[in-house]
Amino acid sequence: MTLKQKFDGIYVDDSFNDIEFDSLIFDCDGVILQSNKIKTNAFIRSLEGEPNDLIDQFITYHKNNGGISRYVKFEYYYRYIKQDRNYKIMAEKAVYHYSKIVVNKLITAKYVTGVIDIIDYFNSNNIPCFVISGGDQNELNEVFLRRKINNNFVEILGSPDTKIQHASTMIKQSKINLPGVLFGDASLDMEIANFLGLDFVFIHGYSEWSNGYSIVTNNNLPVYRNFKEIMPRKKII
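A short tour of the structure in this document, coming up. (Residues numbered from 1 in each chain as written. Predicted model: local features only at pLDDT ≥ 70, side-chain atom pairs only at ≥ 80, totals over all residues. Heavy atoms only, no water.)

**A short note on the side chain of Asp189**
With respect to the helices, strands and loops of the structure, Asp189 is situated in helix H9 (residues 187-196). Not counting residues up to four positions away in its chain, the partners in contact with Asp189 are Asp27, Lys163, Leu182, Gly184 and Phe200. (Helix = DSSP H or I, 4+ residues; strand = E, 2+ residues; numbered from the N terminus. Contact = heavy atoms within 4.5 Å.)

In structure tokens form, the structure reads like this:
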């Protein structure tokens, strides 16, 4: 069934009309929550006392690798940027500090415009929705529970397992059925969608993927600032 057919009584622009789907996957940061800047600032605060030039290198790496877990990123910093012999221990300490900083801010972060409306619409039409994020899985489930949106999703999945591990497993287990759509804001999201045969929709309004808009549009893939651009405009007859 196509998106146009599913959206009975709702206008959807031409770039999205013919995408068929039976499952929907949402990234979290920058797609459900306006939380990319929150996490970038948390990375900076977690590295207080480290040399500023090394922090700058790390933040560039972080922004260029959206969707990769904090575990991988902090280990990258201490192992490859700082070249600390005790990189595993140092990374574990940084992850702990980062988690303490970020969780309460995620609970109060604003939603990406229109996302709750579109998830409610999908739920009302019995289209299964999933979250697959680079964020910590336990943290994600706590945040979604406290925001009272956990029941909007079949499963809420995150690190330490990677996005590609989760998505591949869910498809193999027939929990995610093709055709499907992945709403993401990072290069990794597009790569995963391509690898697994999912349609990719770029939500760019809060993305930190610096050249994402040009890459996605050059590949003729659908791009929206937020979900309000997908939701009701005029009646489809």
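**Structural notes on the nonpolar core**
With 54 residues, the main nonpolar core has Phe26, Phe122, Phe144, Phe153, Phe183 and Phe227 as its most contacted residues. Looking at this core, the element that brings in the most residues is helix H5 (residues 87-108), giving 10 residues. Not counting the four nearest positions on each side in its chain, Phe26 is found in contact with Val31, Ile32, Val115, Ile119, Phe122, Cys129, Phe130, Val131, Ile132, Phe153, Phe183 and Phe227. Of all hydrophobic cores here, the second largest spans 18 residues; its members include Phe130, Ile132, Met170 and Leu182. (Core = buried A, V, L, I, M, F, W, Y, C linked by side-chain atoms within 4.5 Å. Buried < 20%, exposed > 50% of the residue type's maximum accessible area, 1.4 Å probe, protein only.)

**Examining the packing of aromatic side chains**
We describe a pair of aromatic rings using the distance from one ring centre to the other and the angle between the two ring planes. Going through the model one piece at a time under the given rule, you end up with 17 aromatic pairs. Site record: aromatic cluster; members linked through ring pairs are Phe43, Phe58, Tyr61, Phe74, Tyr76, Tyr77, Tyr78, Tyr80 and Tyr98. A cation over an aromatic ring shows up here: Arg147 above the ring of Tyr111, its NZ or CZ 4.2 Å from the ring centre. (Phe/Tyr/Trp six-rings, centres within 6.5 Å; stacked < 30°, edge-to-face > 60°. Lys NZ or Arg CZ within 6 Å of the ring centre and 35° of its normal.)

**Looking at the packing of H5 against helix H7 (residues 137-146)**
One can describe the packing of H5 onto H7 by two numbers: an axis separation of 9 Å at closest approach and a directional angle of 30°. In terms of orientation, H5 and H7 fall into the roughly parallel class. Here the hand of the crossing between H5 and H7 comes out right-handed. For the pair formed by H5 and H7, the contact residues are Ser99, Val102, Val103, Asn104, Leu106 and Ile107 on the first element and Glu139, Glu142, Val143 and Arg146 on the second. For the contact of H5 with H7, the per-class residue count stands at five nonpolar, two polar and three charged. (Axes fitted to C-alpha atoms, helices over the stretch in contact; angles between N-to-C directions. Parallel < 35°, antiparallel > 145°, perpendicular 65-115°, else oblique. Left-handed = near helix turned anticlockwise from the far one by under 90°. Nonpolar A, V, L, I, M, F, W, Y, C, P; charged D, E, K, R; others polar.)

Nothing here speaks to function; it is geometry throughout.
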